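Here is how the chains run, residue by residue.
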Amino acid sequence: MNTLFGTRGSPYVRILSAALAAMGADYETNELKPWDNPDYAYSLSPLGKIPVLVCDNGDTLIDTIHIVGRLSERYGMKETFLPNCQDDEIMLIVASGALESLVLMSWEFKRDEDKIDESTVRRYTRRVENSLDYINRHMTKGKSYSRLTEFFIYFLSEFLAEKNFVTLNGEYEGISLACRKIGERNEFLGDEKYLKGL
């Protein structure tokens, strides 16, 4: 059986869990917080980051986008899960970059207040705001995107709300509307059972 290593708080683990559930992949979870157990994290991944998927055939896969790519081929779902045009690829890169900036910013805010690097926060904030503007502009055009891109946008908005960085209502109406539609098409996202106990 496939084993997913990660923690519930990671948006990347949430994206991968949602993709695995949508593919109907059989998997179990194993809680791993790399900051609590760095040696074990590095034994699974040279980056020491989550998520990591140890496949039933013994392969170890790292990085959410790479894992979804490999599994979508394995389960015959490459056409629906992976970007198939330049606009979709760019949207995935922008959403992924914004999410990475948010994660790094959330770590910056865990520092003692006098140790927070304001220039770093400004740089991440600008990157996120520009990315949200880009995503919002393109989501209002009614284009369709791959499921992986949609999951990145959905969990980007979830992470924003969870960390109280930015509210999407009002200024980012296109993203809010798109996320509601993504949630309706993927009902399992609402009950979080896809996280399998993490």
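First things first, this report covers the structure right here in the doc. Quick caveat: nothing in here was measured; it's all calculated off a predicted structure. Along every chain, residues carry numbers that run from 1 in the direction the sequence is written. A pLDDT threshold of at least 70 governs which residues receive local features in this predicted model, and a stricter bar of 80 or more applies before side-chain atom pairs are shown or counted, although totals over entire chains, interfaces and linings include all residues. With hydrogens and water excluded, all non-hydrogen atoms of the structure serve as input to the side-chain values.

### A few points about the pairing of strand 1 (residues 2-6)
Burial classification: accessible surface area is computed with a 1.4 Å probe over protein chains only, and a residue below 20% of its type maximum counts as buried, one above 50% as exposed, and the rest as partly exposed. Helix and strand assignments come from DSSP, with helices taken as H or I runs of at least 4 residues and strands as E runs of at least 2, each series counted from the N terminus. In terms of burial, strand 1 is largely enclosed, as five of its five residues are buried. Both faces of strand 1 are covered, namely the face carrying Asn 2, Leu 4 and Gly 6 and the face carrying Thr 3 and Phe 5. Following DSSP output, two strands are said to pair if at least two bridges run between them. In this sheet, strand 2 (residues 27-31) lies alongside strand 1 in parallel orientation, the contact comprising five bridges. Bridged to Gly 6 within strand 2 is Glu 31.

### Points about the sheet that holds strand 3 (residues 52-54)
Spatially, four strands are ordered 2-1-3-4 in an open sheet, and the strand pairing comes out mixed. At either end of the open sheet lies a strand with only one pairing partner, and these are strand 2 and strand 4 (60-62). Shown here is a sheet whose adjacent strand axes are inclined to one another by a mean of 25°, direction ignored. Sheet topology note: the strand 3/strand 4 ladder contains three bridges and is antiparallel. By the bridge assignment for strand 4, Val 52 is matched with Ile 62. Throughout, a contact is declared for two residues whenever any of their heavy atoms are within 4.5 Å. Only the stretch in contact is used when a helix axis is fitted, and all axes are lines through C-alpha atoms; the angle between N-to-C directions ranges over 0 to 180 degrees. Across the sheet, helix 1 (residues 11-23) touches strand 1, strand 2 and strand 3, and the angle it forms with strand 1 is around 160°. Packing of helix 3 (residues 64-74) onto the sheet brings it into contact with strand 1, strand 3 and strand 4, and relative to strand 4 it is tilted by some 130°.

### A few points about empty space enclosed by the protein
Both cavities and pockets are sets of points on a 1 Å grid over the protein atoms alone; in a cavity a 1.4 Å probe fits but cannot get out, in a pocket the set is open with protein on both sides within 12 Å along at least five of seven lines, and lining residues sit with an atom within 4 Å of a point. Grid points are joined across faces, edges and corners, and a volume is the space filled by probe spheres set on the points. Considering all chains together, one arrives at one cavity of 30 Å³ or more under this definition. Quantified by volume, the largest cavity comes out at close to 30 Å³. Lining the largest cavity, in full, are Gly 9, Ser 10, Pro 11, Arg 14, Phe 155, Glu 158, Phe 159 and Glu 162. Contributions of two or more residues to the lining of the largest cavity are made by helix 1 and helix 7 (147-162). Considering each element in turn, the lining of the largest cavity owes the most residues, four residues, to helix 7.

### Topic: the layout of surface pockets
Volume-wise, the largest pocket comes out at about 810 Å³. Lining the largest pocket are 33 residues; nearest its centre among them are Tyr 12, Lys 49, Ile 50, Val 103 and Trp 107. At the level of elements, helix 1, helix 2 (38-44), helix 3, helix 5 (86-108) and helix 7 are the ones that each hand at least two residues to the lining of the largest pocket. Counting residues per element, the lining of the largest pocket draws most heavily on helix 5, at seven residues.

### Focus: the pattern of salt bridges
A side-chain nitrogen of Lys or Arg and a carboxyl oxygen of Asp or Glu constitute a salt bridge if their distance falls within 4 Å. Taken as a whole and judged by the stated rule, the model has seven salt bridges. Notably, a salt bridge pairs Lys 143 with Asp 87, separated by 2.6 Å at the nearest N-O pair. Of this pair, Lys 143 sits in the loop between helix 6 (118-139) and helix 7 while Asp 87 sits in helix 5; the two residues are 56 residues apart in sequence, bridging distant segments of the chain. A salt bridge links Arg 111 to Glu 108; the nearest nitrogen and oxygen atoms lie 3.1 Å apart. Relative accessible area serves as the criterion here: at 8%, Glu 108 is assigned to the buried category.

Structural measurements only, silent on function.
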